[in-house]
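Read off the chains here:
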Amino acid sequence: MTDLIPWAQDTRSATFGPITIDRHDPRYTVLSAKGANKRITATPDSFHVVGSTEQVVGAVTEAARSGRRIIVRSGGHCYEDLVGTDHVDVVLDLSEMNAVGFDHERNAFVIEAGATLLDVYRTLYLGWGVTVPGGASAGIAFGGHVSGGGFGALSRRYGISVDHLYAVEVVVADQAGQARAVIATREADDPYRELWWAHTGGGGGNFGVVTRYWFRSPHATGVDPSGLLPKPPSTVLTSTVLFPREGMDRDSFRALVRNFGRWHEHNSDAESPYAGLFSGLILFSPQAAAEGPDLGAILFTHMDGTGENAEALLDDFIGAVTADGPPEMRMPTTPMPWLYSVRLLAELQDDETNRQKVKSSYLRRSFTDSQIDTIFDHLNHVGNDGMDTSVSLQSYGGAANLVPSHATAVPQRDSVMRVLYMKTWTDPAGDVANLDFLRALYRDVHRETGGVPVPGEVSDGCFINFLDTDLASEEWNSSGVPWHDLYYQDAYPRLQAVKAAWDPGDVFRHALSVQAGEQRPGR
């Protein structure tokens, strides 16, 4: 395969961008509504669509020196209003920086920040038979996904995305507003290594503009690209179990959720025969307008189909989760090529037509029975009025827990599940009611720790890629634990030092950005 390295001569800078689109341009409305969360509309003075690192340097320098607030966007999947706030003057759009290829000079795969997950997986797999373990949503771009850690269906087998990150190119700005591009690597003698480390889970929009990443697994050797990143399984067994709401009472609901959690407590070692399993248990509110049966829950599972007794292991897993649970409808197990299984997950997850609110947590062990009952009560509350609410528990652990907590900026390295709380709706008039409903659900699940998942026996904080500004509100976080400790824990002071060193003028900031010192006005 011909290597794709347009950055070698930066030829695209002569043919694409930078394009400035202001409010009078008909393209403005397209970019304004680009985000996945339709509750948020970006309304800056202008959008700058760029095609090269050089163009990013120019745009950042111009904005910083003129005192204009700049925010960066790659895929537009941020669930909070970081690009639509009135304080933003310029949105820097990286979607056209989407090249994927192999860089022989660094002996690593290089991916530009605007490249979307599914396109990256397809190019890496069809070109070299490898992949980067990460999420499944087709439209999410690598720029923000990787900087927050990046996890997905292969993380129990191969770890999270940043466990394979070799280098990152970041456009940073000095105190005077002059921007420049810096390439930081994980090499121990790299003077910029702390900047690399900050992008292994520090989140996007904190230190500069990520323009491209390089990936090579830490223990990979040789120069053959096909041996430098993980190889996904050739075959994946996919399974779906449906749980109709009819017949799902409190006791059976509790058994189902408890079984899923306890199974992960006991089967999340990296050497487990289940390292190749990724599963999600999605719990739903009543669907008043749903077509077909009203489902109370769905259990989906993707299992490495190449291992010995893979189908029997999958059957045992499903049996363990469904024991004493509600009535079920199990769909036939279907083997499919890995790349097709990724597309299937994307189809199940992607919905870019609704208004949304999202919250998250890590779990070190199963929810308590009290927490499970709280979820049941909220999802089935008559005041929910048929609005779409879900609580999704997803497999974690395995190889993701082999990396020491201080080695990257992701401190959650002993959790076995991640939880995503989501509410979606279509009518803007329902914003207040829907937001309050999800906030109350989340608060009550974590009532014993001040309404948030304070790290402890059960919980282990929150996932930075699911930003939640409520964590900075005393109304919804009464724990006394600041929002940054929920995301970063002991890593936060180190991130603050990186912020002070690389963004002394606080050019890159948002509602939950890393702060070098006291919070500044206008965040």
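Residues numbered from 1 in each chain as written. Predicted model: local features only at pLDDT ≥ 70, side-chain atom pairs only at ≥ 80, totals over all residues. Heavy atoms only, no water.

- By the naming in an unreviewed UniProt entry, the protein chain goes by FAD-binding PCMH-type domain-containing protein and is assigned to Saccharothrix ecbatanensis.
- Recorded under Cofactor (unreviewed entry), the UniProt text for the protein chain is reproduced unchanged: "FAD".
- Quoted verbatim from the Sequence similarities (unreviewed entry) field of the UniProt record, the comment on the protein chain reads "Belongs to the oxygen-dependent FAD-linked oxidoreductase family." (UniProt positions renumbered as here; feature names shortened; annotations may be inferred.)

## Some details on the pattern of salt bridges
Turning to step 1, where the next piece is worked out: Using the criterion set out here, one finds 29 salt bridges in the structure.
Turning to step 2, where the next piece is worked out: Between Arg 494 and Glu 194 there is a salt bridge; the shortest N-O distance is 2.6 Å. One end of the pair, Arg 494, is in helix α13 (residues 492-502); the other, Glu 194, is in helix α6 (residues 193-198), with 300 residues separating them in the sequence.
Turning to step 3, where the next piece is worked out: Judged by relative accessible area, which is 28%, Arg 494 ranks as partly exposed. (Salt bridge = Lys/Arg side-chain N within 4 Å of Asp/Glu carboxyl O. Helix = DSSP H or I, 4+ residues; strand = E, 2+ residues; numbered from the N terminus. Buried < 20%, exposed > 50% of the residue type's maximum accessible area, 1.4 Å probe, protein only.)

## Notes on the domain arrangement of the protein chain
Frequently, the measure chosen for interface size is the accessible area that the parts lose on association.
Turning to step 1, where the next piece is worked out: According to the domain assignment, the protein chain contains domain 1 (15-232) and domain 2 (235-487).
Turning to step 2, where the next piece is worked out: Between domain 1 and domain 2, the C-alpha centre-to-centre distance is 27 Å.
Turning to step 3, where the next piece is worked out: Facing the 43 residues of domain 1 at the interface are 51 residues of domain 2.
Turning to step 4, where the next piece is worked out: Interface of domain 1 and domain 2: buried area, both sides summed, is about 3,700 Å²; carbon and sulfur atoms make up 59% of it.
Turning to step 5, where the next piece is worked out: Of all residues in domain 1, Tyr 79, Phe 151 and Arg 156 give up the largest surface area on contact with domain 2, accounting jointly for 25% of the area buried on that side.
Turning to step 6, where the next piece is worked out: For the pair domain 1 and domain 2, the number of links is two salt bridges.
Turning to step 7, where the next piece is worked out: Across the domain 1-domain 2 interface, the total number found is 14 residue pairs in polar contact (both at pLDDT 80 or more).
Turning to step 8, where the next piece is worked out: Taken together, the elements giving at least two residues each to the side of domain 1 that touches domain 2 come down to α3 (117-128), α4 (142-147), α5 (155-158) and α6.
Turning to step 9, where the next piece is worked out: Partitioning the side of domain 1 that touches domain 2 into residue classes produces 19 nonpolar, 17 polar and seven charged. (Domains from an automatic or database assignment. Contact = heavy atoms within 4.5 Å. Buried area = accessible area lost by both parts, 1.4 Å probe. Polar contact = N/O pair within 3.5 Å; in protein donor to acceptor, adjacent residues only side chain to side chain. Nonpolar A, V, L, I, M, F, W, Y, C, P; charged D, E, K, R; others polar.)

## Notes on the packing of helix α7 (residues 250-266) against helix α10 (residues 369-379)
Turning to step 1, where the next piece is worked out: With their axes 10 Å apart at the nearest point, α7 and α10 run at an angle of 125° to one another. Here α10 runs oblique to α7, going by the angle between their axes. In this structure, the crossing between α7 and α10 has a hand that is right-handed. Of the residues in α10, those touching α7 at Arg 250, Phe 253, Arg 254, Val 257 and Arg 258 are Asp 369, Ile 372, Asp 373, Ile 375, Phe 376, Asp 377 and Leu 379.
Turning to step 2, where the next piece is worked out: Split by residue class, the contact of α7 with α10 holds six nonpolar, no polar and six charged. (Axes fitted to C-alpha atoms, helices over the stretch in contact; angles between N-to-C directions. Parallel < 35°, antiparallel > 145°, perpendicular 65-115°, else oblique. Left-handed = near helix turned anticlockwise from the far one by under 90°.)

## Some remarks on unusual backbone geometry
Turning to step 1, where the next piece is worked out: In this model, Asp 324 sits at a positive phi of 60°, which is unusual for a non-glycine residue.
Turning to step 2, where the next piece is worked out: Checked against the element boundaries, Asp 324 lands in the loop between α8 (310-322) and β13 (329-330).
Turning to step 3, where the next piece is worked out: A residue is classified by how much of its surface remains accessible, and Asp 324, at 71% relative accessible area, is exposed.

## A few points about empty space enclosed by the protein
Picture a little ball the size of a water molecule; that probe, rolled over the atoms, points out where space is still empty.
Turning to step 1, where the next piece is worked out: Under the counting rule described, the total for this entry stands at three cavities of 30 Å³ or more.
Turning to step 2, where the next piece is worked out: Taken as a whole, the largest cavity spans an internal volume of roughly 170 Å³.
Turning to step 3, where the next piece is worked out: The wall of the largest cavity is formed by 19 residues, among which Ala 153, Leu 154, Trp 338, Val 342 and Leu 345 lie closest to the centre.
Turning to step 4, where the next piece is worked out: Every element with two or more residues in the lining of the largest cavity is listed here: β12 (295-304) and α9 (338-349).
Turning to step 5, where the next piece is worked out: Here the lining of the largest cavity takes four residues from α9, the largest share from any one element. (1 Å grid on protein atoms, 1.4 Å probe; cavity = no way out; pocket = protein on both sides within 12 Å on 5 of 7 lines; lining within 4 Å. Points joined across faces, edges and corners; volume = space filled by probe spheres on them.)

## Side note on the layout of surface pockets
Turning to step 1, where the next piece is worked out: Considering only enclosed or pocket space, the second largest pocket measures out at about 230 Å³ in volume.
Turning to step 2, where the next piece is worked out: In terms of lining, the second largest pocket is formed by 16 residues, of which the most central are Thr 368, Gln 371, Val 445, Glu 448 and Thr 449.
Turning to step 3, where the next piece is worked out: Put simply, the parts of the chain that give the lining of the second largest pocket at least two residues each are α10 and α11 (431-445).
Turning to step 4, where the next piece is worked out: Examining the composition of the lining of the second largest pocket, we find that three residues originate from one element, α10, more than from any other.
Turning to step 5, where the next piece is worked out: Of the residues belonging to the lining of the second largest pocket, the class tally is four nonpolar, eight polar and four charged.

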